[in-house]
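# Reading the structure
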Amino acid sequence: MTGVTVVAAPNLSGKRFAFALAEDRVGHYPEFRDYFVQVFELDRIGLAAPGFVRAPSGLTYALVFIGRSGAPFPSGVEIHAVVDALEPIADEVLDTDLWSILSWMIEGVGPPWTLKDLEETGRLYRIPAVRPRSS
Amino acid sequence: MTQDIFELTPSIREKWPFAPRYARVNGWRMHYVDEGDGDPVLLLHGNPTWGFLYRDVIGPLVQSGRRIIVPDMIGFGLSEKPTREHAHTLDGHTANLVSLVRQLGLTRVTVVCHDWGGPTGLSFAMSNPDRVRALVVMSTWAWPRPPAEFHTRVFPWRLMHAPLVGPYLLGRHNALAGRGIYLSVVDRDKFRREAQSTYEAVLPDTETRLLTWVWPRWIPLDDSARAFDRFAWLEQELAKSRLPTLIIWGREDEVFDAATFASRFKQLLPHAEGPHLVTGRHFLQEDSGYEIAGLIRSFLDRLDQRGG
């Protein structure tokens, strides 16, 4: 369980999108693009609206999909935290939430991509958000 | 985005005392070092390093009577760092190098290449043979099939640069310039003490690290890969090359292992000298910079004696 769930569009009044992470080439491995298309019905919705997920911190994140001429849609994606308009976001919260969203993505994309390998990769590079290996 | 030499801390400048030079290449601002006089030697780095990788090689080669030119690849070191993935292509990086060499009017160039300095530097050499005198190859490749079994594995290689994971690990956390190089040297304590912070410092923010996850995505893993044809051409041209060549490899390199990679270069270029094995993993210059300088110097001295 990654603690990330797809949610409906939140009320954005008094909120802002806080940029967090960008991917220019979401189809580098096409199964990643396919996953987003399936989860957010992008074949139907296209550019009309972002997708939204709720992360373990309780914050909602917008996934803004990017189109590029000549490339299958989406070609890229940006992740933005939906935060109170004039409030900063705590970097540690953001980083942990992003790791959870990556874990949710990898779990959803499925084999050969596994959560276990993602966590091992995170441990190898000493990423603070990665949980210690359970004994 | 361009980082200036004057932003480097005194401790870095102590190890990197060379005068900064800049050229406009192929639309980008490129930083390079140009030291000494004589036949030019071009020292080419790869991902995620910069000219600093050759800090122990430059001095001895200058003292041997050569002109040493060390460009920072666009996207690394003190060169401009484009912030869009599509600004980076394999052919574009080769064109950057071609532009620099033509602007400097270099001929009789010895091309010394490492990592992505291989595909770019060797493509330059094969497309500009009239300017090139010799080749030196270190821990790189020049053929279209996956360079190593390591590059086909999900853990850790493909995951490290997977969509969104690459920008997070290598972008937000600078994993390749820090921990990545650290894991790929032999003397890790020395690296941490003397060099790690310098590699990290020139890639200070997420967007400056873009090329660290873009380059891995250019490694062909199958026939449909976007760089497949360029690598196929490169292999074909190298097989026809009679340029004097020196092969130097890290004895402890477990990614581009000598038994596979140095041997394949030797098959491709049977007239090459070597492979000479030195202490080193992938970033062998960190462990054996002076020894590498000595090998290159001896190789060039022999060429001079033969009138080559």
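The structure this text deals with has already been given above.
Quick notes on the rules
- Residues numbered from 1 in each chain as written.
- Chains lettered and ligands numbered in written order.
- Predicted model: local features only at pLDDT ≥ 70, side-chain atom pairs only at ≥ 80, totals over all residues.
- Core = buried A, V, L, I, M, F, W, Y, C linked by C-beta atoms within 7 Å.
- Buried ≥ 20, exposed ≤ 12 C-beta atoms within 10 Å, placed from the backbone.
- Helix = DSSP H or I, 4+ residues; strand = E, 2+ residues; numbered from the N terminus.
- Contact = placed C-beta atoms within 7 Å.
- Nonpolar A, V, L, I, M, F, W, Y, C, P; charged D, E, K, R; others polar.
- Axes fitted to C-alpha atoms, helices over the stretch in contact; angles between N-to-C directions.
- Parallel < 35°, antiparallel > 145°, perpendicular 65-115°, else oblique.
- Left-handed = near helix turned anticlockwise from the far one by under 90°.
- Expected span 1.5 Å × (residues − 1).
- Pairing = 2+ DSSP bridges.

### Side note on the nonpolar core
I101(A), L102(A), V111(B) and I296(B) are the most contacted members of the largest nonpolar core, which totals 122 residues. Sort the elements by how many residues they give to this core and helix α3 (residues 91–109) of chain A lands first, with 8 residues. Those residues in contact with I296(B) that lie beyond four places of it in its chain are L61(B), V112(B), V136(B) and L246(B).

### Considerations on the interface of chain A and chain B
Across the contact, 23 residues belong to chain A and 20 residues belong to chain B. Of all the elements in the fold, those that place two or more residues in the side of chain A that touches chain B are β2 (15–23), α3 and α4 (115–124) of chain A. Among the elements that take part in the side of chain A that touches chain B, α4(A) stands out by supplying 5 residues, more than any other. The residue makeup of the side of chain A that touches chain B, split by class, is 14 nonpolar, 2 polar and 7 charged.

### Some thoughts on unusual backbone geometry
Of note, the amide linkage connecting P111(A) to P112(A) takes the cis form, showing an omega dihedral of 10°. Relative to the helices and strands, P112(A) is located in the loop between α3 and α4. Put simply, N47(B) and P48(B) share a cis peptide bond, and its omega is 0°. Within the element layout of this structure, P48(B) appears in the loop between β3 (40–44) and α2 (55–63). Residue D115(B) is not a glycine yet carries a positive backbone phi of 50°. For D115(B), a count of 24 C-beta atoms within 10 Å corresponds to the buried category.

### Description of the environment of W99(A)
Among the structural elements, W99(A) can be located in helix α3. Among the residues examined, W99(A) registers 25 C-beta atoms within 10 Å and is labelled buried.

### Points about the packing of helix α3 (residues 90–104) of chain B against helix α4 (residues 117–127) of chain B
Residues and elements named next belong to chain B. Between α3 and α4, the least distance of the axes is 9 Å, while the angle of their chain directions is 55°. In this view, α3 runs oblique relative to α4, as classed from their interaxial angle. Like other packed secondary-structure pairs, α3 and α4 cross with a definite hand, here right-handed. Here L90, H93, T94, L97, V98 and V101 of α3 come into contact with α4, specifically with P119, T120, G121, S123 and F124.

### Considerations on helix α11 (residues 228–240) of chain B
The terminal C-alpha atoms of α11(B), which comprises 13 residues, lie 19 Å apart, in line with the 18 Å expected from a rise of 1.5 Å per residue. On its buried side, α11(B) packs onto α4 and α12 (261–268) of chain B.

### Describing the pairing of strand β5 (residues 76–84) of chain A
All names here are of chain A. Alignment of β2 against β5, held across 8 bridges, turns out to be antiparallel. Along β5, the bridge assignment pairs A18 with A81. Sheet topology note: the strand β4 (residues 60–66)/β5 ladder contains 7 bridges and is antiparallel. Residue pairing across strands places V64 opposite E78, the latter belonging to β5.

### Side note on the environment of L12(A)
Along the polypeptide, L12(A) turns up in the loop between β1 (5–7) and β2. Classification of L12(A) as exposed rests on a count of 12 C-beta atoms within 10 Å.

### Section: the sheet that holds strand β1 (residues 21–25) of chain B
Think of a sheet as strands paired side by side through backbone hydrogen bonds, with each pair either parallel or antiparallel. All names here are of chain B. Taking strand neighbours across the sheet as the criterion, the 8 strands line up as β1-β2-β4-β3-β5-β6-β7-β8 in an open arrangement whose pairing is mixed. Single-partner strands in this sheet number two, and they are β1 and β8 (273–278). The mean inter-strand angle of the sheet, taken between neighbouring strand axes irrespective of direction, is 25°. One ladder, built from 4 bridges, connects strand β6 (residues 132–138) with strand β7 (residues 245–250); its direction is parallel. Within β7, the residue paired with V137 across the bridge is I247. Its contacts with the sheet place α12 against β6, β7 and β8, and it is angled at close to 170° to β7.

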